[in-house]
2 protein chains.
Amino acid sequence: MQDSLVKDLYAQYEEGRLSETEIALEGWVRTNRDNGKIGFIELNDGTSFKNIQIVYDGDSVLGEKMRHYKTGAAISVKGNLKLTPGAPQPFELKAVESELIGDVDADYPLQKKRHSFEFLREIAHLRPRTNTFNALYRVRSVLAYAIHSFFFEKGFVYVHTPEITTNDAEGAGQSFEVVTRAKDPYKDFYGTTASLTVSGQLHVEPFALAYRNVYTFGPTFRAEKSNTPRHASEFWMIEPEMAFCDLKGDMEVIEALIKHCIRFVRAHCKDEMAFFNQFVDKGLDEKLDRVLNSDFKVMTYTEGIEILKKAVADGHKFDNPNIYWGMDLQSEHERYLTEAVAKGPVFLIDYPKEIKAFYMKENPDGKTVAACDLLVPLEGEIVGGSQREDIYGKLKEKMEKAGNAEGLAWYLDLRRYGGCSHSGFGLGFDRFLAYLTGMANIRDTEPYPRTYGNLKY
Amino acid sequence: MQDSLVKDLYAQYEEGRLSETEIALEGWVRTNRDNGKIGFIELNDGTSFKNIQIVYDGDSVLGEKMRHYKTGAAISVKGNLKLTPGAPQPFELKAVESELIGDVDADYPLQKKRHSFEFLREIAHLRPRTNTFNALYRVRSVLAYAIHSFFFEKGFVYVHTPEITTNDAEGAGQSFEVVTRAKDPYKDFYGTTASLTVSGQLHVEPFALAYRNVYTFGPTFRAEKSNTPRHASEFWMIEPEMAFCDLKGDMEVIEALIKHCIRFVRAHCKDEMAFFNQFVDKGLDEKLDRVLNSDFKVMTYTEGIEILKKAVADGHKFDNPNIYWGMDLQSEHERYLTEAVAKGPVFLIDYPKEIKAFYMKENPDGKTVAACDLLVPLEGEIVGGSQREDIYGKLKEKMEKAGNAEGLAWYLDLRRYGGCSHSGFGLGFDRFLAYLTGMANIRDTEPYPRTYGNLKY
């Protein structure tokens, strides 16, 4: 007899082809209760968010054994599957045989009571066994696949941009350095200083000029000493780059990707997403529906500033009410534009060049760049993108000012060897996962979070 | 008129539904030749390994312009698609309009002549535009997707294990450390020393005890000062872990994964794989067929040693002919076992415990551990796996000997909180890509290779 998986049993049940046969299962005890005559174990085998109910006869030798299984124990069970129409669960397993595979020490921290997320962060190796984190990391996995499948279907080439890089430019002091324990730790291994990447974008652009459509999806790092629910020092980023593509094309890809991910996760994580909507964020379903059912709007930064000024004049209270053209918008401003004005996702485009990165394409007005930030209700910015400066002279001048023209000579090369208009964007994977699940803290969305002052495991 | 993609044109042609309509294309000139009366451009638009032939009338204003397009230039072309039965290419585009989008400076290094891989390594930002590297990085992308799709279909949960870790144990001196430029660079950011991960296995195991079947797939690092074609200091690893799974189950997953990847890459990279078979490794197709068509064999390490001893006695010449039980096998020994003995892929199992890692399950003989290395013809070992020690006392003793029982107390926890038999393996992604394409040097399989003494880009 082949062992069964709980996810298959539920799939068979939903397709109306679950039969009342003998099966064998392995899994972990979530709860165990008995009244002497009859006992019930909620067993989770890891393959499904849902448990399966095991029923045992309390008055038997078997019941005497099973009664002592503790929460968290690994067990095997053989028995007869019974459909239970009318009961809370659609079927259950009537135990015939069972073995204790792995017992649980008395100090097992995941007892029945509810635990705070803060407490669970201290036991990152055990929290995937709880409902919330079990749901969360399965969604994380499915979301990663949603992203890969989106780009694969569209013929994008996935590029593994390097983690260790010579480029420490963008973050000036916000990058980690990579050393060995040696006399000259900084130059011992590579003969030159090495940093952990803060973005794969510059390294993925050369591949767009070979494959047209490419993306990178991997870990990135920031040595930023911020202790907020949105900052981690290690996080995953998705960074696509499309050749022969302007800002409009860029925004089309962003909108399609976001919607694809929501649909894909909902289709493959029904139980998990229902759990988040019920227990973590009661407005989640509605929030995601609103994104799915709207055509993302477009607003220029300049229009946005005018609207915000008018809002202040009309008495709207911002923590920072000093609105002027050229400012960096705060989250409260972004949320006002997407929630009160656009009433849905909105791209804010054409930002002042002074507040954006050197590689963004200057618009004909000479003052703004072809950048887009996607703002979404209840969150603010979740994607930042731009068309890239493709005019060699303009880019060189900006890079000389930024002091990276020499170190990034290869990047400049792309503008003198068959350059073309190209665009791309960055989507922070962990923040996006938080957005999709309603989880408030990036420390929870990452299996082993690394933040300022915190490194466990 | 929507712009066309070359890959779509070939797909339509193969499905017999390519029509002779007007289309527009963008792409890069691979070659351009004319005889005054008629000109031909081989255009690659990045979406296909195959070029499309553009034909222009030399005697026209258009021809006068197109004649001057240089190799590497980005151009746009509008024209009429013509089927060309009997010609080397199945169809071509008769140009009607064209624009130069991005010119090429005179020092463009990718002129028509053939370049050595060594030379191309110096221009990693341009080499994806050459046939070999264009094929290679597309296969790399498709192979990554093959791996994700294999595990997704089987319900495995993909876990992003951390890059920055407290664990520098396994490699003793072979791990990079992560610092910031500060007074106390080693402890400034995290308050504790931080290393780059050498393996995600220990961090993924806790997730197997929550989800049953999981895997990690991400960058790993070794500060090993080896300058060989097989060593890189940064490389990607696939590390699955399965709960309620012994060594036999482990080997089943390995065999299924390897075969799935070969089939998937062949199905999605027909042109590229044909190119590798023709120009890079003439025996490639045959080599991969042999893997696909064989049932992987199993041989114990002890049997392997006996066979090698006999081979030496029978006069077989090894560089290292000193064969004894307890030795670490060299590549030449592994290749003898898979090529001359098994004549196909073979799992070598049950290694002496002294030469294997602390976490491997001790066999009842007390001398060997339940480990498996997959050996394949023409390469040697490509996968290493094992069942994990699940007995708390045994593992603790080994870890205390290895000196990591304290730092890895969380890892030991897994054996006291609902432990079970579980197994996993590691597959080096870059080496596997080299194996599948016949490329000999790991420096070529990585977009931006990082090796001892070498860090560019």
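Residues numbered from 1 in each chain as written. Chains lettered and ligands numbered in written order. Predicted model: local features only at pLDDT ≥ 70, side-chain atom pairs only at ≥ 80, totals over all residues. Heavy atoms only, no water.

Q: Help me out: how do you make sense of the overall build of chain A in this one?
A: Looking only at helices and strands, chain A has 14 helices and 16 strands in total. Each principal axis of the C-alpha atoms in chain A carries an extent, and together these give about 85 × 65 × 40 Å. Expressed as a percentage of its 457 residues, the buried residues of chain A come to 61%. Of all intrachain contacts in chain A linking residues separated by at least 6 positions in sequence, the fraction that spans at least 24 positions is 66%. Entry remark: accessible area of chain A is about 18,000 Å², with carbon and sulfur atoms responsible for 49%. The centroid of the 57 positive side-chain charges in chain A is displaced by 2 Å from the centroid of its 68 negative side-chain charges. (Helix = DSSP H or I, 4+ residues; strand = E, 2+ residues; numbered from the N terminus. Buried < 20%, exposed > 50% of the residue type's maximum accessible area, 1.4 Å probe, protein only. Contact = heavy atoms within 4.5 Å. Areas by Shrake-Rupley, 256 points an atom, 1.4 Å probe, with all protein chains shown as cover. Lys, Arg positive; Asp, Glu negative; His and termini not counted. Charge placed at Lys NZ, Arg CZ, Asp CG, Glu CD.)

Q: Help me out: how do you make sense of the pattern of salt bridges in this one?
A: Side chains that carry opposite charge are capable of pairing whenever their charged atoms lie near each other. For the structure shown, the criterion picks out 69 salt bridges over all chains. The shortest N-O distance in the salt bridge between Lys50 of chain A and Asp271 of chain A comes to 3.2 Å. Of this pair, Lys50 of chain A sits in the loop between β2 (38-44) and β3 (52-57) while Asp271 of chain A is found in helix α7 (residues 270-280), placing the two residues 221 residues apart along the sequence. What emerges from the salt-bridge pattern is a single network uniting Asp105 and Asp107 of chain A together with Asp413 and Arg416 of chain B. (Salt bridge = Lys/Arg side-chain N within 4 Å of Asp/Glu carboxyl O.)

Q: How do you make sense of the interface of chain A and chain B when you look at a structure like this?
A: How big an interface is tends to be reported as the loss of accessible area on association of its parts. Taken together, the contact pairs 106 residues of chain A with 106 residues of chain B. Interface area for chain A against chain B, summed over the two sides, is near 9,100 Å², with a carbon-plus-sulfur share of 62%. Its largest share of buried area at the contact with chain B, chain A owes to His160, Phe189 and Tyr417 of chain A, together 9% of the area lost on that side. Remark: the boundary between chain A and chain B carries ten salt bridges. Between Arg212 of chain A and Glu26 of chain B there is a salt bridge; the shortest N-O distance is 3.0 Å. The element contributing the most residues to the side of chain A that touches chain B is helix α4 (residues 131-153) of chain A, with 13 residues. Of the residues belonging to the side of chain A that touches chain B, the class tally is 56 nonpolar, 27 polar and 23 charged. (Buried area = accessible area lost by both parts, 1.4 Å probe. Nonpolar A, V, L, I, M, F, W, Y, C, P; charged D, E, K, R; others polar.)

Q: Would you mind going over the state of the cysteines with me for this structure?
A: Here is the idea: a disulfide is a covalent bond, and it sits between the sulfur atoms of two cysteines. Applying the stated criterion across every chain, the model contains zero disulfides over all chains. Its sulfur unpaired, Cys269 of chain A is 12 Å from the next cysteine sulfur, which belongs to Cys261 of chain A. (Disulfide = S-S within 2.5 Å.)

Q: What is the right way to look at the sheet that holds β3 of chain A in this model?
A: Each strand in a sheet pairs with another by means of backbone hydrogen bonds, the pair being arranged parallel or else antiparallel. Residue and element names in this part refer to chain A. Strand order in the closed barrel formed by five strands is β1-β2-β3-β5-β4, with mixed pairing between adjacent strands. This sheet shows a mean twist of 55° between the axes of neighbouring strands, independent of strand direction. Bridge analysis of β2 against β3 gives six bridges, and the strand direction is antiparallel. In the sheet register, Ile38 faces β3, and the bridge partner there is Asp57. (Pairing = 2+ DSSP bridges. Axes fitted to C-alpha atoms, helices over the stretch in contact; angles between N-to-C directions.)

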